[in-house]
Amino acid sequence: MVLQDKYYIEIRQKFINNFLDKDSDETHKEYFNNRILRSVDGLFHTGYFWDLFKNPKIVEEKLIYDFLNYLSSDIYVLWDNNIYIKDLKYPFFSVLKIQANKVEEILPTLPIDFYLFDETYSWVFAFTHENLGEKRYCLTVNR
């Protein structure tokens, strides 16, 4: 299910409030204000949410899929609306709500950087465009 408009705004704001360190020091404030909030063209920004995660931990991609396949609930899929996204299969300013065990099926339709979390906002997984050696750089935050 694609959620837009007020649902997207509400979910994105809760995500930011729960997982991002946007004001602990001047570097975080500057990054958040200039690379997340401010757009370069009136629509898109140049930063990544995962750059501002509160106490992130590296996690293996396989462990994320194992966890998701264990869940029986719906989760949200959110992405950065930045200038680097090409050929997005969904509306830019939207969030998906899907069954957790369906993420691998829709992976080819997602942008390279995206976030998975549930309605409790107690955990998040970030899939990034970066690699650590031969493995994809993924992060998690647990509150």
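These numbers were taken from a predicted model, which means no experiment stands behind them.

Take the pairing of strand E7 (residues 135-142) next. Judged by how many residues are buried, E7 sits mostly within the fold: 6 of 8 residues are covered. Here strand E6 (residues 123-132) folds back onto E7 in antiparallel fashion, the turn holding 2 residues, of which Gly133 has a positive phi close to 65 degrees.

The subject of this paragraph is the packing of aromatic side chains. Under the defined criterion, the tally for this structure stands at 20 aromatic pairs. Ring centres 6.2 Å apart and planes at 70 degrees place the aromatic pair Tyr8 and Phe93 in the edge-to-face group. In this pair, Tyr8 sits in helix H1 (residues 5-19) while Phe93 sits in the loop between strand E3 (74-79) and strand E4 (94-99), placing the two residues 85 residues apart along the sequence. Among the aromatic side chains, those forming a connected cluster through ring pairs are Phe15, Phe19, Phe49, Phe53, Tyr76, Tyr115, Phe117 and Tyr121.

The biggest cluster of nonpolar side chains holds 26 residues, and the ones touching the most others in it are Phe15, Phe53, Tyr115 and Phe117. For this core, the secondary-structure elements that each account for two or more residues are H1, helix H2 (26-37), E3, strand E5 (114-117), E6 and E7. Tallying contributions element by element places H1 first for this core, with 5 residues. Discounting residues that sit within four places of it in the chain, Phe15 has contacts with Leu20, Phe49, Phe53, Leu78, Tyr115, Phe117, Tyr121 and Val124. Counting residues in each nonpolar core, the second largest holds 23 residues, with Tyr65, Leu110, Leu116 and Trp123 among its members.

Quick notes on the rules
Residues numbered from 1 in each chain as written. Predicted model: local features only at pLDDT ≥ 70, side-chain atom pairs only at ≥ 80, totals over all residues. Heavy atoms only, no water. Buried < 20%, exposed > 50% of the residue type's maximum accessible area, 1.4 Å probe, protein only. Helix = DSSP H or I, 4+ residues; strand = E, 2+ residues; numbered from the N terminus. Pairing = 2+ DSSP bridges. Phe/Tyr/Trp six-rings, centres within 6.5 Å; stacked < 30°, edge-to-face > 60°. Core = buried A, V, L, I, M, F, W, Y, C linked by side-chain atoms within 4.5 Å. Contact = heavy atoms within 4.5 Å.

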